[in-house]
Amino acid sequence: MAEYRVRLVARHPLAEGTMAFHFEKPEGFDHKPGQALDLSLPGHQDNPRSPDVCHTFSIVSAPHEDELLVATRMRDSTFKRALGALPIDSKLQINGPFGSLTLHKQPERAGVLIAGGIGITPFMSMLRHAAKQQTPQDLLLLYSNRRPEDAAFLAELQRLERLNPRFRLLATMTDMAHSAQPWQGETHVIDSPWLKQAITGLANPVCYVSGPPLMVEAICQALTAAGMDEENVRSESFYGY
């Protein structure tokens, strides 16, 4: 795993409580869609692995893009406060890429991506890459949020669905009673019957689950109940996001 210095070039809100951070892509950095990096704040060489200094992020940007993009919920932690306060042009250290939550190499098998909240981030790189390459693989994304206000990248995902005829988006909002925005789509939790219905007709699918630990555990159990073999389910839990 290589070490690089990067410059913060921009940041902006993606959804309520969620921010995107854009960095210059260093020369020689090459990642696979779905991989991650470690980001370390400047000026903390005394304890570089402390959670107050270093954090792991999935890479949102696709390999063909000329920047590195990460996104995170901005909860009240020492690291998140410091990251949010960094001036533009700050220099940071990254280590990576790493991680095995990458799409299988059998395009004849469908990929089912299941995300809760900020767990969408590793899938963004996959879906951007697939749209750019027009890969001949069926991809289905089930994306759960409480409200449209909380759904990072929702507009981009809808655009990617239009760009890629092999990609289908099924988004659901589970707490519309507390939403100020309209929503005409699904409003129930991702459960076993809905999963079974959604994947019906897909060619020998492999499922990928990403999100908060309790959500990931529940979805993996629901996939098993829906008849999915555990060998065809891969997952990644996002702790402390």
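It should be noted that the structure appears before, not after, this text.
Residues numbered from 1 in each chain as written. Predicted model: local features only at pLDDT ≥ 70, side-chain atom pairs only at ≥ 80, totals over all residues. Heavy atoms only, no water.

1. Here we look at the packing of helix α2 (residues 121-133) against helix α3 (residues 154-163)
Then comes step 1: Two elements in contact, α2 and α3, have axes whose closest approach is 10 Å; the angle formed by their N-to-C orientations is 30°. Relative to α3, the element α2 is oriented roughly parallel. Both α2 and α3 take part in a crossing whose hand is left-handed. Judged by residue contacts, M124, L127, R128 and A131 of α2 engage E156, L157 and L160 from α3.
Then comes step 2: Looking at side-chain class alone, the contact of α2 with α3 contains five nonpolar, no polar and two charged residues. (Axes fitted to C-alpha atoms, helices over the stretch in contact; angles between N-to-C directions. Helix = DSSP H or I, 4+ residues; strand = E, 2+ residues; numbered from the N terminus. Parallel < 35°, antiparallel > 145°, perpendicular 65-115°, else oblique. Left-handed = near helix turned anticlockwise from the far one by under 90°. Contact = heavy atoms within 4.5 Å. Nonpolar A, V, L, I, M, F, W, Y, C, P; charged D, E, K, R; others polar.)

2. A few points about the sheet that holds strand β4 (residues 54-58)
Then comes step 1: With respect to topology, six strands assemble into an open sheet ordered β4-β3-β6-β1-β2-β5, the strand pairing being antiparallel. Each edge of the open sheet is held by one strand with a lone partner, namely β4 and β5 (67-73). Direction aside, the axes of adjacent strands within the sheet are offset by 40° on average.
Then comes step 2: Of the pairings in the sheet, the one linking strand β3 (residues 36-40) to β4 comprises five bridges and is antiparallel in character. Paired with A36 across the two strands is S58, which belongs to β4.
Then comes step 3: In the packing of helix α1 (residues 78-85) onto the sheet, contacts are made with β1 (2-15), β2 (18-24), β3, β4, β5 and β6 (91-98), and the angle to β4 comes to roughly 75°. (Pairing = 2+ DSSP bridges.)

3. Digging into the packing of aromatic side chains
Then comes step 1: Per the counting criterion, the structure on display carries two aromatic pairs.
Then comes step 2: Measuring from centroid to centroid gives 5.3 Å for Y4 and F29, while their planes differ by 70°, and the two rings are edge-to-face. Taken as a pair, Y4 in strand β1 and F29 in the loop between β2 and β3 lie far apart in primary sequence, 25 residues in all. Of the two residues, Y4 and F29, both sit in the buried class. (Phe/Tyr/Trp six-rings, centres within 6.5 Å; stacked < 30°, edge-to-face > 60°. Buried < 20%, exposed > 50% of the residue type's maximum accessible area, 1.4 Å probe, protein only.)

4. Focus: the layout of surface pockets
Then comes step 1: Put simply, the largest pocket is a space of about 340 Å³.
Then comes step 2: As for the largest pocket, its lining consists of 16 residues, and the residues nearest its centre are P33, L103, H104, K105 and H129.
Then comes step 3: At three residues, α2 tops the list of elements feeding residues into the lining of the largest pocket.
Then comes step 4: The residue inventory of the lining of the largest pocket, partitioned by class, reads seven nonpolar, seven polar and two charged.
Then comes step 5: As for the second largest pocket, its lining consists of 14 residues, and the residues nearest its centre are R73, G116, G117, I118 and P212.
Then comes step 6: Where the lining of the second largest pocket is concerned, the elements lending two or more residues are β8 (139-145) and α5 (213-225).
Then comes step 7: Class assignment of the residues belonging to the lining of the second largest pocket gives a composition of six nonpolar, five polar and three charged. (1 Å grid on protein atoms, 1.4 Å probe; cavity = no way out; pocket = protein on both sides within 12 Å on 5 of 7 lines; lining within 4 Å. Points joined across faces, edges and corners; volume = space filled by probe spheres on them.)

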